[in-house]
Amino acid sequence: MSKKVLVIGEAREGTLRNVTFEAIAAANIISDGGEVVGVLCGSDSLEDMGKEMIYYGADRVITVANEELKTYTSDGYGQAVLAVINDESPEGIVMGHTSIGKDLTPKLASRLESGLISDATEVVAEGGSIVFTRPIYSGKAFEKKEITEGLTFATIRPNNIPAAARDEGRAGEVTEKSVDVQNIRTIIKEVIRKSTDGVDLSEAKVVIAGGRGVKSAEGFEPLEELAELLGGTVGASRGACDAGYCDYSLQIGQTGKVITPDLYIACGISGAIQHLAGMSNSKVIVAINKDPEANIFNVADYGIVGDLFDVLPKLIEEIKQMKV
Ligand code: FAD
């Protein structure tokens, strides 16, 4: 049965995050030929980003521009999105499983007394119902949730549901809605970006992660060079963060970021269960460790037993040769 599904878009520094396009793809599966309506909140003109959502598969987009929505607050975005939900009466609402998605969707779902499926890695339409797959027990098992009727919120894990190809030929309306946003209880004084510039860790296709084996902040340099060569970014174990080699914003794992890149290279990481919780669903895992018994080799597709400071320069040289 076809449905109307809203997609809450998310932008960073004026550019839509890739997970927004993946959420549109998920919404198209849920809507089953119905309508996919994008929602964008912000303070400036959101028209160009609205069009971008249409190129990736939304049928139309509603923008809410208000000075109070310049930076995310759950009060502000909650009011704006709730106003759109009240107008549109959708049967499904999809968003990325990002920091904002994890904050906003439970708040709205509880307000509307509806369900929430969080961190879905797969969405399929099966004989009139929608089946979501989501990891449980820190990624050691997967559960399936079937939705047959009623409003349901869903957040999708970045890098799992492929976005549609961008098609500038797609047409759709971008309309502005005015919402009186008020009583915001959180004051954002400044937004400080701590992670390195470039590719966002949670959406990166290639992650080169360093652990305590990297031994120092300088030890991360070959990892950064390899990440740049492969168009990826650098991540870390908590061991490396605790040792002060890098910022905690790079931490991957149970108490860090959960990532699903196409390629994950662990350098000097032992593979503690708390670390595996954040990366074991990566599509291809390569581990470099000088201890052949290291637990990381139990989840690796390719293992290199050796000193990372010998292996990485050789790998970098080889890749440079391939690129010539
Ligand atoms: P180590 O375990 O010390 O491993 C270092 C590895 O480097 C070793 O295997 C060694 O053989 C190898 N090595 C050393 N030198 C070299 C070299 N030159 N070349 C190649 N290999 C080398 N951890 C996380 O990562 N993320 C989390 O989110 C997280 N959350 C946690 C939550 C809780 C509640 C707790 C209790 C712990 C958590 N931890 C987390 C910590 C986790 O248990 C481990 O302590 C941590 O992951 C270890 O980091 P590591 O692998 O870098 O260090």
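Residues numbered from 1 in each chain as written. Predicted model: local features only at pLDDT ≥ 70, side-chain atom pairs only at ≥ 80, totals over all residues. Heavy atoms only, no water.

1. A short note on the overall build of the protein
Right, so step 1: The secondary structure content of the protein amounts to eight helices and 17 strands.
Right, so step 2: Within the protein, the proportion of its 324 residues that are buried is 50%.
Right, so step 3: The contacts of the protein with a sequence gap of at least 6 include a subset with a gap of at least 24, amounting to 64%.
Right, so step 4: Working note: accessible area of the protein is about 15,500 Å², and carbon and sulfur atoms make up 47% of it.
Right, so step 5: The centroid of the 32 positive side-chain charges in the protein is displaced by 4 Å from the centroid of its 48 negative side-chain charges. (Helix = DSSP H or I, 4+ residues; strand = E, 2+ residues; numbered from the N terminus. Buried < 20%, exposed > 50% of the residue type's maximum accessible area, 1.4 Å probe, protein only. Contact = heavy atoms within 4.5 Å. Areas by Shrake-Rupley, 256 points an atom, 1.4 Å probe, with all protein chains shown as cover. Lys, Arg positive; Asp, Glu negative; His and termini not counted. Charge placed at Lys NZ, Arg CZ, Asp CG, Glu CD.)

2. Thoughts on the packing of aromatic side chains
Right, so step 1: Taken as a whole and assessed by the stated rule, the structure comprises two aromatic pairs.
Right, so step 2: Seen in terms of ring centroids, Tyr-72 and Tyr-77 are 4.9 Å apart; in terms of plane orientation they differ by 70°. Their pairing is edge-to-face. For the residue pair Tyr-72 and Tyr-77, the accessibility class agrees, reading buried in each case. (Phe/Tyr/Trp six-rings, centres within 6.5 Å; stacked < 30°, edge-to-face > 60°.)

3. A look at the sheet that holds strand β10 (residues 141–147)
Right, so step 1: Strand order in the open sheet formed by three strands is β8-β9-β10, with antiparallel pairing between adjacent strands. At either margin of the open sheet sits one strand with a lone partner, and together these are β8 (122–126) and β10. The mean inter-strand angle of the sheet, taken between neighbouring strand axes irrespective of direction, is 25°.
Right, so step 2: Both β8 and strand β9 (residues 129–136) contribute to a ladder of five bridges, which runs antiparallel. Residue pairing in the sheet places Val-124 in a bridge with Val-131 of β9.
Right, so step 3: Contacts from helix α1 (residues 18–31) reach β8 and β9 within the one sheet, and its direction differs from that of β8 by about 20°. (Pairing = 2+ DSSP bridges. Axes fitted to C-alpha atoms, helices over the stretch in contact; angles between N-to-C directions.)

4. Describing the confidence of the model for the protein
Right, so step 1: On average, residues of the protein carry a pLDDT of 94, and 98% of them reach 70 or more.
Right, so step 2: For this predicted complex, the interface confidence reaches an ipTM of 0.99, while the overall pTM sits at 0.86. (pLDDT = per-residue confidence, 0-100.)

5. Considering the site of the ligand
Right, so step 1: Of all residues adjacent to the ligand, which total 26 residues, the nearest are Arg-212, Ser-237, Thr-255, Ser-270 and Asn-289.
Right, so step 2: At a separation of 3.0 Å, an oxygen atom of the ligand approaches a polar backbone atom of Gly-268.
Right, so step 3: One of the backbone nitrogen or oxygen atoms of Lys-290 is found 3.2 Å away from a nitrogen atom of the ligand.
Right, so step 4: Isolated, the ligand exposes 990 Å² of accessible area, and the fraction of that covered by the protein chains is 77%.
Right, so step 5: Broken down by secondary-structure element, the contributors of at least two residues to the shell around the ligand are α6 (238–242), α7 (273–279) and α8 (308–323).
Right, so step 6: Residue composition of the shell around the ligand, by class: five nonpolar, 15 polar and six charged. (Near = heavy atom within 4 Å. Polar contact = N/O pair within 3.5 Å; in protein donor to acceptor, adjacent residues only side chain to side chain. Nonpolar A, V, L, I, M, F, W, Y, C, P; charged D, E, K, R; others polar.)

6. Structural notes on the sheet that holds strand β4 (residues 35–42)
Right, so step 1: With respect to topology, seven strands assemble into an open sheet ordered β7-β11-β6-β1-β4-β5-β12, the strand pairing being parallel. Whereas interior strands pair on both sides, the edge strands pair on one side only; in this sheet they are β7 (115–120) and β12 (174–176). Taking each pair of neighbouring strands and ignoring which way they run, the sheet shows an average axis angle of 20°.
Right, so step 2: Packed onto the sheet, α1 meets β1 (4–8), β4, β6 (92–96) and β11 (152–156) and runs at close to 170° relative to β1.

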